[in-house]
Amino acid sequence: MPFNEHIREYREQLDITQIEAADRLGIDHSALSKYELGNLEIPIQLLPKLRSVYAIPRDKFLDMLEDTRQKSSNPGLEARENKSRYITALQNELRSDLYDLKEFRYFIVHLNSLDVKEAKRLLLKINDK
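Procedures and definitions
Along each chain, residues carry numbers from 1 onward, in the same order as the chain's sequence is written. Whole-chain, interface and lining totals are the exception, using all residues; otherwise, since this is a predicted model, local features are given only for residues with pLDDT of at least 70 and side-chain atom pairs are given and counted only at 80 or more. Just so you know, side-chain values use all the structure's heavy atoms and leave hydrogens and water out. By the criteria applied, helices consist of DSSP H or I runs no shorter than four residues and strands consist of E runs no shorter than two, each listed in order from the N terminus. Only C-alpha atoms enter the radius of gyration, while the globule expectation follows 2.2 Å times N to the 0.38, with N the number of residues. Exposed residues in this analysis have more than 50% of their type's maximum accessible area, buried residues have under 20%, and partly exposed residues fall in between, with area computed by a 1.4 Å probe over protein chains only. The contact criterion used is simple: two residues touch if any of their non-hydrogen atoms lie within 4.5 Å. Charge counting treats Lys and Arg as positive and Asp and Glu as negative, with His and both chain ends excluded. Working definition for charges: the position is that of NZ of Lys, CZ of Arg, CG of Asp or CD of Glu. Put simply, a salt bridge is a Lys or Arg side-chain nitrogen that is within 4 Å of an Asp or Glu carboxyl oxygen. Whether two aromatic rings pair depends on their centres lying within 6.5 Å, for rings of Phe, Tyr and Trp, where Trp uses its six-membered ring; planes under 30 degrees apart make the pair stacked, over 60 edge-to-face, and the rest tilted. Put simply, the grid is 1 Å and covers the protein atoms alone, a cavity is a trapped set of points that fit a 1.4 Å probe, a pocket is an open set with protein on both sides within 12 Å along at least five of seven lines, and lining residues have an atom within 4 Å of a point. Grid points are joined across faces, edges and corners, and a volume is the space filled by probe spheres set on the points. Throughout, the ten residues Ala, Val, Leu, Ile, Met, Phe, Trp, Tyr, Cys and Pro are labelled nonpolar, Asp, Glu, Lys and Arg are labelled charged, and all others, Gly among them, are labelled polar. To estimate how far a helix should extend, the number of its residues minus one is multiplied by 1.5 Å. This arc describes the spread of directions from the helix axis toward the C-beta atoms.

Caption draft 1: Region of interest: the overall build of the protein chain. Secondary structure summary: the protein chain contains eight helices and zero strands in total. Written out in order from the N terminus, the α and β elements of the protein chain read α-α-α-α-α-α-α-α. Here the C-alpha atoms of the protein chain give a radius of gyration of 18 Å, more than 25% beyond the 14 Å that 2.2 N^0.38 yields for 129 residues. A principal-axis box enclosing the C-alpha atoms of the protein chain has dimensions of 55 × 35 × 20 Å. Per-residue burial for the protein chain yields a buried fraction of 29% across its 129 residues. Contacts in the protein chain between residues far apart in sequence, at least 24 positions, make up 57% of those at least 6 positions apart. Averaging the locations of the 21 positively and 22 negatively charged side chains of the protein chain gives two centres separated by 6 Å.

Caption draft 2: Seen up close, the pattern of salt bridges. Enumeration according to the criterion identifies three salt bridges in this entry. With its nearest N and O atoms 2.6 Å apart, the salt bridge here joins R11 to E36. Of this pair, R11 sits in helix α1 (residues 3–14) while E36 sits in helix α3 (residues 29–37); the two residues are 25 residues apart in sequence, bridging distant segments of the chain. The pair formed by R11 and E36 is uniform in burial state, with each residue classed as buried.

Caption draft 3: The packing of aromatic side chains, seen in detail. On inspection of all chains with the given rule, the structure shows two aromatic pairs. A centroid spacing of 5.7 Å and a plane angle of 85° characterise the contact between F3 and F61, whose relative ring orientation is edge-to-face. Placement of the pair is F3 in helix α1 and F61 in helix α5 (residues 58–66), with a sequence separation of 58 residues. As far as burial versus exposure is concerned, F3 and F61 are alike and both buried.

Caption draft 4: Seen up close, the layout of surface pockets. Taken as a whole, the second largest pocket spans an internal volume of roughly 160 Å³. Taken together, F3, N4, Y35, G38, L40, E41, I42, I44 and L47 make up the lining of the second largest pocket. In terms of residue class, the lining of the second largest pocket is made up of six nonpolar, two polar and one charged.

Caption draft 5: Looking closely at helix α8 (residues 116–128). Under the 1.5 Å per step criterion, the end-to-end length of α8 is 18 Å for 13 residues, consistent within 8% with the ideal 18 Å. Of the positions making up α8, those classed as buried are A119, L122 and I126. End-on, the buried residues of α8 take up no more than an arc of 65°, which puts them together on one face. Counted as exposed and oriented over 90 degrees from the buried face of α8: V116, K117, K120, L124, N127 and D128.

Take a look at the structure:
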């Protein structure tokens, strides 16, 4: 299977859209579509970002590049582990940005004492940033 198909399959396994993936990769979603379809060559500079954003383990990524697929004894478990790694990487990426926001820190510290109206106001303010 060509590398572009491995990447598409992996993204689908993570259950993320092309738009979400392209946004995290810093590229246009139409470019990602072309990469996944094999209509456009994936730039070599994008490979480390793909591996990082999708949280693909080094050995698996090398297998994808070399098209030497390892048979999984439990594909369902592997898919859940892949998605878990992706979510953890996404949380870590967003966490540092959120902690820099004064409103977010206030929201977390005072979460139990905020009324619903105040909580919504703070969340909207955080969302605007």
